[in-house]
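Report on the structure
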Amino acid sequence: MAHNAPADPEAGIVGNQSTDFSSRGENRMDYRSIVTTCPYCACGCGLVLEVLDGRIVCTLPSKTSPTNQGKLCIKGWNVHEFV
Ligand code: SF4
């Protein structure tokens, strides 16, 4: 992957909670992982959208989705580009 994604993004889902990555509260970033379904076709693969400071920056496959079991097609990997 091209970024520092958690090894299991679904294990770290915290809802709408902000995460402070600095020890002194400086450079605060609002990071969220949103579990959702790919809207592209009728397969309905599960995925996780990574949202940083209100902007969707990455798509990861859902490991627990029975439909795609941790895999995505090329369209699914790029959901963050067209949502
Ligand atoms: S990841 Fe691919 S196969 Fe799965 S729902 Fe999206 S477009 Fe369809």
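Okay, so let's go over this structure. (Residues numbered from 1 in each chain as written. Predicted model: local features only at pLDDT ≥ 70, side-chain atom pairs only at ≥ 80, totals over all residues.)

1. Regarding the overall build of the chain
The condition is simple: Helix and strand labels come from DSSP, where a helix needs a run of H or I of at least four residues and a strand needs a run of E of at least two; each type is numbered from the N terminus. Remark: residues whose backbone-derived C-beta atoms lie within 7 Å of one another are considered to be in contact.
Scanning the chain from N- to C-terminus turns up two helices and three strands. When the helices and strands of the chain are listed from N to C terminus, the series reads β-β-β-α-α. Put simply, of all contacts in the chain between residues at least 6 apart along the chain, 33% involve residues at least 24 apart.

2. A short note on the site of the ligand
Definition in use: Nearness here has a simple definition: the residue's C-beta atom, placed using the backbone, must lie within 6 Å of the molecule or strand. Charged means Asp, Glu, Lys or Arg here, nonpolar means Ala, Val, Leu, Ile, Met, Phe, Trp, Tyr, Cys or Pro, and polar covers whatever is left, Gly included.
Around the ligand sit Cys38, Tyr40, Cys41, Cys43, Gly44, Cys45, Asn68, Leu72, Cys73, Lys75 and Gly76, and those are all the residues in its vicinity. Residues that form the shell around the ligand fall into these classes: seven nonpolar, three polar and one charged.

3. Overview of the environment of Asp30
Put simply, the rule is: As a rule, residues whose C-beta atom has 12 or fewer other C-beta atoms within 10 Å are exposed, those with 20 or more are buried, and those in between are partly exposed; C-beta atoms are placed from the backbone.
Relative to the helices and strands, Asp30 is located in the segment before strand 1 (31-37). Note on Asp30: 14 C-beta atoms within 10 Å, which makes it partly exposed. Considered as a pair, Asp30 and Gly54 are 24 residues apart in the sequence and their alpha carbons are 7.3 Å apart.

4. So, the sheet that holds strand 3 (residues 55-61)
Remark on secondary structure: sheet strands pair via backbone hydrogen bonds, oriented parallel or antiparallel. Put simply, the test is: Should DSSP find at least two bridges between two strands, the strands are regarded as paired. Axis angles are defined between N-to-C directions and span 0 to 180 degrees, where every axis is a line fitted to C-alpha atoms and, for a helix, only to the segment in contact.
The strand order across the open sheet formed by three strands is 1-2-3, and the pairing between neighbours is antiparallel. The open sheet has two edge strands with one neighbour each: strand 1 and strand 3. Each adjacent strand pair in this sheet contributes to an overall mean axis angle of 25 degrees, direction not counted. Of the pairings in the sheet, the one linking strand 2 (residues 46-52) to strand 3 comprises six bridges and is antiparallel in character. When the sheet's bridge partners are listed, Leu47 is paired in strand 3 with Pro61.

5. Examining the environment of Val35
Within the secondary structure, Val35 sits in strand 1. Considering only alpha carbons, one finds Val35 and Leu47, 12 residues apart in sequence, at a separation of 5.9 Å.

Remember that the coordinates give geometry; whether it matters functionally is a separate question.
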